[in-house]
Amino acid sequence: MEKTSVLVLVAEDEAEIRNLLQDTFEDGGFDVYLVSTGEEAIAALDEQGDNLRAVVSDINLGGKATGWDVARHARRLKADMPVVYMTGTEGSDWAALGVPNSILITKPFAPTQVLTAVSQLLNAANTAAPPAPGD
């Protein structure tokens with residue numbers, strides 16, 4: 001049986017963190033689509049569509065679009081898209097601005113924390129709704 005890869009969108013404006021997350025996810029068996037701005041993340045969501053299986057986004061991405069915007073866009077495209085936010089300062093806004101059933105990780109963090117959070121959300125999505133008969 002051929003293993004299918006899982007493509008994770010990582011939106012992070014700090015190159016060092018972005019590269020560390022890429023290495024961590026690839027070591028964990030995931031494929032990674034890296035972007036550094038919210039606008040690039042939204043474009044990637046539109047371009048990649050169903051290929052993307054999860055979103056990891058910093059909240060402050062330096063442009064007009066924030067991680068909150070990226071997550072809302074992802075959920076408009078796919079209602080159960082797993083979303084993990086990363087932030088050093090914006091955690092208090094998560095209840096008001098974050099999408100439901102998301103995870104927020106505060107910086108500094110161990111990259112494996114982010115990998116574990118994505119894996120948990122993917123597993124929850126895969127077990128939440130069994131396929132209907134005939135699907």
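Residues numbered from 1 in each chain as written. Predicted model: local features only at pLDDT ≥ 70, side-chain atom pairs only at ≥ 80, totals over all residues. Heavy atoms only, no water.

Our next topic: unusual backbone geometry. In the segment running from Lys-107 into Pro-108, the intervening peptide bond is cis, with an omega of 0°. Assignment of secondary structure puts Pro-108 in the loop between strand E5 (103-106) and helix H5 (111-128). One non-glycine residue, Asn-101, lies in the positive phi region at around 55°. Considering the arrangement of structural elements, one finds Asn-101 in the loop between helix H4 (94-97) and E5. Classification of Asn-101 as exposed rests on a relative accessible area of 67%. (Helix = DSSP H or I, 4+ residues; strand = E, 2+ residues; numbered from the N terminus. Buried < 20%, exposed > 50% of the residue type's maximum accessible area, 1.4 Å probe, protein only.)

Our next topic: the packing of aromatic side chains. Evaluated as defined, the whole model comprises two aromatic pairs. Their ring planes at 80° and their centres at 5.6 Å tell us that Phe-25 and Phe-30 sit as a pair that is edge-to-face. By the burial criterion, Phe-25 is buried, and Phe-30 matches it. Arranged with centres 4.7 Å apart and planes meeting at 55°, the rings of Trp-68 and Tyr-85 form a pair that is tilted. Separated by 17 residues along the polypeptide, Trp-68 in helix H3 (residues 67-77) and Tyr-85 in strand E4 (residues 83-87) bring together distant segments of the chain. Here Trp-68 and Tyr-85 have matching classes, each one buried. (Phe/Tyr/Trp six-rings, centres within 6.5 Å; stacked < 30°, edge-to-face > 60°.)

Further remarks concern helix H2 (residues 38-48). All of the buried residues in H2 are Gly-38, Ala-41, Ala-44 and Leu-45. Projected onto a plane normal to the axis of H2, the buried residues spread over an arc of 115° and lie on a single side. Check the buried side of H2 and you find it contacts strand E1 (7-11), strand E2 (31-35), strand E3 (52-58) and H3. (Arc of directions from axis to C-beta. Contact = heavy atoms within 4.5 Å.)

The residue Thr-87 is located in strand E4 in this model. Among the polar contacts listed, one links the side chain of Thr-87 to the backbone nitrogen of Thr-89, at a separation of 3.1 Å. Sequence-distant contacts of Thr-87, that is, excluding residues within four places in its chain, are made with Asp-58, Ile-59, Leu-104, Ile-105, Thr-106 and Lys-107. (Polar contact = N/O pair within 3.5 Å; in protein donor to acceptor, adjacent residues only side chain to side chain.)

Glancing now at the pairing of E1. For E1, the tally of buried residues reaches five of five residues, placing the bulk of the element in the interior. Direction of pairing for E1 relative to E2: parallel, over a ladder of five bridges. Within E2, the position partnered with Val-10 by the bridge is Leu-34. Regarding the hand of the β-α-β motif, the stretch spanning E1, helix H1 (residues 15-27) and E2 is right-handed. Here E1 pairs with E3 via five bridges, running parallel. Bridge pairing in E3 places Leu-7 opposite Leu-52. (Pairing = 2+ DSSP bridges. Right-handed = clockwise from strand over helix to strand, strands pointing away.)

Its 13 residues place the ends of H1 18 Å apart at the C-alpha level, agreeing with the 18 Å of an ideal helix rising 1.5 Å per residue. By the burial criterion, the buried members of H1 are Ile-17, Arg-18, Leu-21, Thr-24 and Phe-25. The buried residues of H1 occupy an angular sector of 130° when projected down its axis, which confines them to one face. Exposed residues pointing more than 90 degrees away from the buried face of H1 are listed as Glu-16 and Asp-27. Two residues or fewer after H1 comes Gly-29, characterised by a positive phi angle close to 95°. (Expected span 1.5 Å × (residues − 1).)

In short, shape yes, function no, at least from these values alone.
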